[in-house]
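Residue strings, one per chain:
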Amino acid sequence: MTKKLSFSYSKMGMYKECPQKYKFRYIHMLPEQPKYYFAFGSALHEVMEYVYNPQNAAFPTMEQALAFFKKHWDSTSFDQKGYATMEKEMLGYEEGCRIIRAYYGKHGSSLVHPLSVEMKSTLDMDGLSLISILDRIDYLGEGRVKILDYKTGKTIQREPDQLMMYQKVAESSPAVLNLVQALDPSVTQIKVEQMCFYHLPSLQELSFERSSDKEMYEFWQRVLGVADDIRAGKFEPTPSESKCRWCDYRNICPVFTGKEYDGPSGWGAKNPAPVSAPEQLPKSDDEVLSEKIDRLGEITAEEKKLRQEIVALMNQLGYQRQYATKYQAELKTRKKLTFSDKQKVVEFLRKAHLLQKTLVPTQSRIEALLSDGSVDENLKAQLLALGQEEKIEDIEISEAN
């Protein structure tokens, strides 16, 4: 009798990405290095499970959800999560807190218990032991269910194979049927009415139509085809620069070593030495540019935040200047004019024959007229009256003497 093959959507995805990578991960059982985006996503999934747990009579408050998130987050170090530095881990934590607060702001007053959360289903069919985790199942009545999957990446898009796997599992699983029958004993068959991806960072829900019988048949034939290739030991690598650059198994892959891997296997082979520091391929100019833009953006955002904090503290302490070890900060105040009624300003400039001086009446060019020696002082006063003065405080940083 053929042993059932343990199978899941993620395993299918990895095999389609690179059969050799699948072999390292699931045949040799060599663990991958931790990835920060997996840790971040896992932590928020835990929070959603905690919030919607059907076993709890009452929903947790936002403060309780934040405390739960912090406890889960603090259970591992930054490097165990896959973050490069503690600072980056802290940014991840702050983003997680922001998402939880925003989620409660949108849904906190309308929370409803689902049929199940984080339901792990093991379904034996067609020689496969199909393992799936369904983030959330809502019951819509008359045997109809809604499958909702949480996403935490930068963007989301339709993933047909994942959606069809959910539909296959939900409509075939005795465990899902049992849950529904506990509420509605007359139901004999489950139908997936809705399938949704919920993007937690943006609080956006994307709904997708259920797949047709023809689409489901073709999908299942693809699944069985992948399973047959795995059983047949077809693990030829499919290298490409984009895939190999970040692969944890690059240094032991036959594409780069010229020989089959014959090192330790099994879960006892915790991160073998050759895998721990994969060689990096040279970065393209486009990748270097993108990294520099991201870095500048992060530095700029951090600088703005620090400036605001320093200004607030100096005002609180009543300081005009403060000396640090290497640098000094001096509080500077300037006035900024804002013109809310742009049409009124344009009309004034036209009547005063000043419009041609501005070319395009932008904020900065209108302000420049106020220091233009050729403009009549009376006209300057009238122009000034059209604006609203705003005091802007900033600091000037220089080397300490």
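Located above this text is the structure these notes cover.
Residues numbered from 1 in each chain as written. Predicted model: local features only at pLDDT ≥ 70, side-chain atom pairs only at ≥ 80, totals over all residues. Heavy atoms only, no water.

(A) Broad picture of the packing of aromatic side chains. Considering all chains together, one arrives at 21 aromatic pairs under this definition. Geometrically, the ring pair formed by Phe-219 and Trp-220 is tilted, given 6.4 Å between the ring centres and 55° between the ring planes. The same class applies to Phe-219 as to Trp-220, namely buried. Pairwise contacts between aromatic rings join Tyr-36, Tyr-37, Phe-38, Phe-40, Phe-69, Trp-73, Tyr-83 and Tyr-93 into one cluster. Positioned above the aromatic ring of Tyr-52 is the side chain of Arg-136, whose terminal nitrogen or guanidinium carbon lies 4.5 Å from the ring centre. Positioned above the aromatic ring of Trp-220 is the side chain of Lys-168, whose terminal nitrogen or guanidinium carbon lies 4.7 Å from the ring centre. (Phe/Tyr/Trp six-rings, centres within 6.5 Å; stacked < 30°, edge-to-face > 60°. Buried < 20%, exposed > 50% of the residue type's maximum accessible area, 1.4 Å probe, protein only. Lys NZ or Arg CZ within 6 Å of the ring centre and 35° of its normal.)

(B) Local environment of the packing of helix α1 (residues 9–17) against helix α7 (residues 160–172). Between α1 and α7, the shortest axis-to-axis distance is 10 Å and the interhelical angle comes to 150°. Taken together, the axes of α1 and α7 lie roughly antiparallel to each other. Where α1 crosses over α7, the two elements pack in a sense that is right-handed. Together, Tyr-9, Met-12 and Lys-16 of α1 and Asp-161, Gln-162 and Met-165 of α7 make up the contact between the two elements. (Axes fitted to C-alpha atoms, helices over the stretch in contact; angles between N-to-C directions. Helix = DSSP H or I, 4+ residues; strand = E, 2+ residues; numbered from the N terminus. Parallel < 35°, antiparallel > 145°, perpendicular 65-115°, else oblique. Left-handed = near helix turned anticlockwise from the far one by under 90°. Contact = heavy atoms within 4.5 Å.)

(C) Region of the structure containing the environment of His-199. Inspection of the secondary structure puts His-199 in strand β5 (residues 191–199). Since its relative accessible area comes to 7%, His-199 is described here as buried. When the C-alpha positions of His-199 and Asp-124 are compared, they lie 31 Å apart, and in sequence the two are 75 residues distant. If we skip the residues at most four places from it in the chain, His-199 touches Lys-151, Gly-153, Lys-154, Thr-155, Ile-156 and Gln-204. A polar contact is formed between the side chain of His-199 and the backbone oxygen of Gly-153, at a distance of 2.6 Å. (Polar contact = N/O pair within 3.5 Å; in protein donor to acceptor, adjacent residues only side chain to side chain.)

(D) Examining the layout of surface pockets more closely. In this structure, the second largest pocket encloses a volume near 270 Å³. Forming the boundary of the second largest pocket are 17 residues, of which Tyr-52, Ser-110, Val-112, Arg-136 and Asp-138 lie nearest the centre. Those elements that provide at least two residues to the lining of the second largest pocket are α6 (86–107), β3 (128–141) and β4 (144–151). A per-class count over the lining of the second largest pocket returns ten nonpolar, three polar and four charged. (1 Å grid on protein atoms, 1.4 Å probe; cavity = no way out; pocket = protein on both sides within 12 Å on 5 of 7 lines; lining within 4 Å. Points joined across faces, edges and corners; volume = space filled by probe spheres on them. Nonpolar A, V, L, I, M, F, W, Y, C, P; charged D, E, K, R; others polar.)

(E) Here's a closer look at the side chain of Ser-211. With respect to the helices and strands, Ser-211 occurs in the loop between β6 (204–208) and α9 (213–231). The class for Ser-211 is buried, based on a relative accessible area of 4%. Those residues within four positions of Ser-211 in sequence are excluded, and the remaining contacts are Met-164, Gln-167, Met-195 and Met-216.

(F) Structural detail: the pairing of β5. Bridge count between β4 and β5: eight bridges; the pairing is parallel. Bridge pairing in β5 places Val-145 opposite Val-192. Direction of pairing for β5 relative to β6: antiparallel, over a ladder of five bridges. Counted as the bridge partner of Cys-196 is Ser-207 from β6. Linking β5 to β6, which pair antiparallel, is a turn of four residues; within it Leu-203 sits at a positive phi near 60°. (Pairing = 2+ DSSP bridges.)

(G) Seen up close, the packing of helix α14 (residues 342–351) against helix α17 (residues 377–385). Close contact between α14 and α17 brings their axes to 10 Å; oriented N to C, the two are set at 170°. When the axis of α14 is compared with that of α17, the two are roughly antiparallel. Along the contact surface, α14 presents Val-345, Phe-348 and Leu-349, while α17 presents Leu-379, Gln-382 and Leu-383.

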